[in-house]
Amino acid sequence: MAALAIGVLASPASAENPPEAMEIRSRPIRAFRIGSDETRFGPLQFVGGLEMTSYARDFGSLSGFSFTEPGTSFAGVSDNGFWYFGRVVHDAQGRPLGLADFSMQPMLDKSGDVIGEKWFTDAEGIAVRGDVATVSFEREHKLAEFRLAREGMGAELRSLPFLIPAEELRRNKGIETIAIAPDDGPLAGARVVISERSIDTQGNVFATIIEGPQKGIFKVARKDAFDITDGAFLPDGDLLVLERSFSVASGVAMRLRRLKGESVRPGMLADGPVLLTADMSYQIDNMEGLDVWRRADGATMVSIVSDDNHSILQRNLYLEFRLDGE
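Residues numbered from 1 in each chain as written. Predicted model: local features only at pLDDT ≥ 70, side-chain atom pairs only at ≥ 80, totals over all residues. Heavy atoms only, no water.

Caption draft 1: Examining the overall build of the protein chain more closely. For the protein chain, the helix and strand inventory stands at one helix and 25 strands. Relative to a compact globule of 326 residues, whose C-alpha radius of gyration would be 20 Å, the protein chain shows 18 Å and is just as compact. Viewed in the frame of its principal axes, the protein chain has a C-alpha envelope of about 55 × 50 × 40 Å. The buried share among the 326 residues of the protein chain stands at 56%. Of the charged side chains in the protein chain, 35 are positive and 48 negative, and the gap between their average positions amounts to 3 Å. (Helix = DSSP H or I, 4+ residues; strand = E, 2+ residues; numbered from the N terminus. Rg over C-alpha atoms; globule rule 2.2 N^0.38 Å. Buried < 20%, exposed > 50% of the residue type's maximum accessible area, 1.4 Å probe, protein only. Lys, Arg positive; Asp, Glu negative; His and termini not counted. Charge placed at Lys NZ, Arg CZ, Asp CG, Glu CD.)

Below you can see the structure in the form of structure tokens.
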């Protein structure tokens, strides 16, 4: 098991609630399908992964993340009211080796106090543009902007309208995914929000484009009891979504689906092909966070993290794939 020491942070936002540096122990995952050396899964090539643990009490519940530097530095949110920051380290073959410079800090209210109560800090998704992070919250349904500063996060800058009628959002299945469209595409860099399982009378999932020339509500087709947990735009404007299902009989499963970009429009039903489905015979857990990035050689990469819910029955995983044909 590889262990990477985490450096001490400087200049905390306050002496009372400084970011907490954490040592993360990472066990590399070399095979995605358990007991197999297969690396090709449809258009996806498994590069590698990590199983992560820490003695730090607050580590875990990693519900969303976004790279601030492609494939290396990242910022994220946990669904129990924490920000986290770190860096993915790769080996000489380009496979994930561990996490470095990892830290967590609690979310603060406008008075600079720790919010603490999960009802108001159930952060599920994050998307970063420049030094501004947009975060989605469920239970107390909210979409908000924050100034990104790993040395000390402050209160929200502003709340954003998400257009979906509040009465349509389910308490624990509300706003989940936040993704930023390509600047040079038809959505002109607009932010897109998708709920986890807030459905209309036809069983389709509520979603919305919150700004720009295509502002408005659309729906995403829900299939086979999978719920949407995150998403990110591909370079061509298609929207890659991460989906999850759970049953007592079969356990947890994950799926990647590619929504056609032209169907992400007001009044339309977004849908597209499934790229990957994985059940408990694969190295998965409660997969909740996803980001897409460009590797130095130009390859389109897909990274996924899991939320362990601070449960001894679940794991914190990081998985990395190359998406071919892009």
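Picking up after the structure, the text goes on.
Caption draft 2: The confidence of the model for the protein chain, seen in detail. Per-residue confidence for the protein chain gives a mean pLDDT of 92, with 94% of residues at or over 70. Below pLDDT 50 for its whole length, residues 1-15 participates in 38 contacts with residues either more than four positions away or in separate chains. (pLDDT = per-residue confidence, 0-100. Contact = heavy atoms within 4.5 Å.)

Caption draft 3: View of the nonpolar core. Judged by nonpolar contacts, the single largest core of 26 residues is most densely connected at Phe-32, Met-254, Leu-256, Leu-290, Val-302, Ile-304 and Phe-321. Mapped onto this core, the elements with two or more residues apiece are β5 (44-53), β19 (239-247), β20 (251-259), β22 (274-278), β23 (287-294), β24 (300-306) and β25 (316-323). For this core, the element with the most residues is β25, which contributes four residues. Counting residues in hydrophobic clusters, the runner-up holds 22 residues, among them Phe-67, Phe-74, Leu-99 and Ala-299. (Core = buried A, V, L, I, M, F, W, Y, C linked by side-chain atoms within 4.5 Å.)

Caption draft 4: View of the pairing of β19. Counted residue by residue, β19 has seven buried out of nine residues, so it is predominantly covered. Relative to β19, strand β18 (residues 227-233) is paired through six bridges, and the arrangement is antiparallel. Directly across from Ala-232, in β19, lies its bridge partner Leu-240. The turn linking β18 back onto β19 is made up of five residues, and Gly-237 within it adopts a positive phi angle of 100 degrees. Hairpin connection of β19 to β20: three residues between the antiparallel strands. (Pairing = 2+ DSSP bridges.)

Caption draft 5: Summary view of the sheet that holds strand β15 (residues 191-199). Taken together, the five strands give an open sheet; going across it, the order is β14-β15-β16-β17-β21, and neighbouring strands pair in mixed fashion. Where the open sheet ends on each side, the last strands, each with one partner, are β14 (175-180) and β21 (269-270). As paired elements, strand β17 (residues 216-220) and β21 share two bridges and run parallel to each other. Pairing of Val-220 across the sheet is with Ala-270, part of β21.

Caption draft 6: Quick peek at the side chain of Gln-283. Considering the arrangement of structural elements, one finds Gln-283 in the loop between β22 and β23. When its relative accessible area of 14% is taken as the criterion, Gln-283 is described as buried. Separated by 3.0 Å, the side chains of Gln-283 and Arg-315 make a polar contact. Residues in contact with Gln-283, not counting those within four places in the same chain, are Arg-27, Ile-29, Ala-31, Phe-32, Ile-34, Arg-315, Leu-317 and Leu-319. (Polar contact = N/O pair within 3.5 Å; in protein donor to acceptor, adjacent residues only side chain to side chain.)

Caption draft 7: Highlighting the environment of Thr-201. Mapped onto the elements of the fold, Thr-201 is located in the loop between β15 and β16 (205-209). When its relative accessible area of 76% is taken as the criterion, Thr-201 is described as exposed. There is a polar contact of 2.9 Å between the side chain of Thr-201 and the side chain of Gln-202.

Caption draft 8: Representation of the pairing of β20. Where burial is concerned, most of β20 is hidden: nine out of the nine residues are buried. Bridging between β19 and β20 involves nine bridges; their strand directions are antiparallel. Residue pairing across strands places Val-241 opposite Arg-257, the latter belonging to β20. Of the pairings in the sheet, the one linking β20 to β22 comprises four bridges and is antiparallel in character. Bridging across to β22, Leu-256 finds its partner in Leu-276.

Caption draft 9: Highlighting the environment of Asp-113. Positionally, Asp-113 belongs in the loop between β9 (96-106) and α1 (118-121). Taking relative accessible area as the criterion, Asp-113 reaches 40% and is therefore assigned partly exposed. Through-space distance from the C-alpha of Asp-113 to that of Asn-17 is 8.5 Å; in sequence the pair is 96 residues apart. Excluding anything up to four places from it in sequence, Asp-113 contacts Met-107 and Leu-108.

Caption draft 10: Seen up close, the pattern of salt bridges. As enumerated under the stated definition, the model contains 30 salt bridges in all. Note that Arg-87 and Asp-101 form a salt bridge whose closest N and O atoms lie 3.0 Å from each other. Taken together, the residues Arg-87 in strand β8 (residues 82-90) and Asp-101 in strand β9 connect sequence positions 14 residues apart. One salt bridge connects Asp-285 with Arg-315, and the closest N-O pair in it is separated by 4.0 Å. (Salt bridge = Lys/Arg side-chain N within 4 Å of Asp/Glu carboxyl O.)

Caption draft 11: Geometry of the sheet that holds strand β6 (residues 62-67). Strand order in the open sheet made by the five strands is β2-β9-β8-β7-β6, with antiparallel pairing throughout. Each edge of the sheet is formed by a strand with only one pairing partner; in this case those strands are β2 (20-21) and β6. As paired elements, β2 and β9 share two bridges and run antiparallel to each other. Counted as the bridge partner of Glu-20 is Met-104 from β9.

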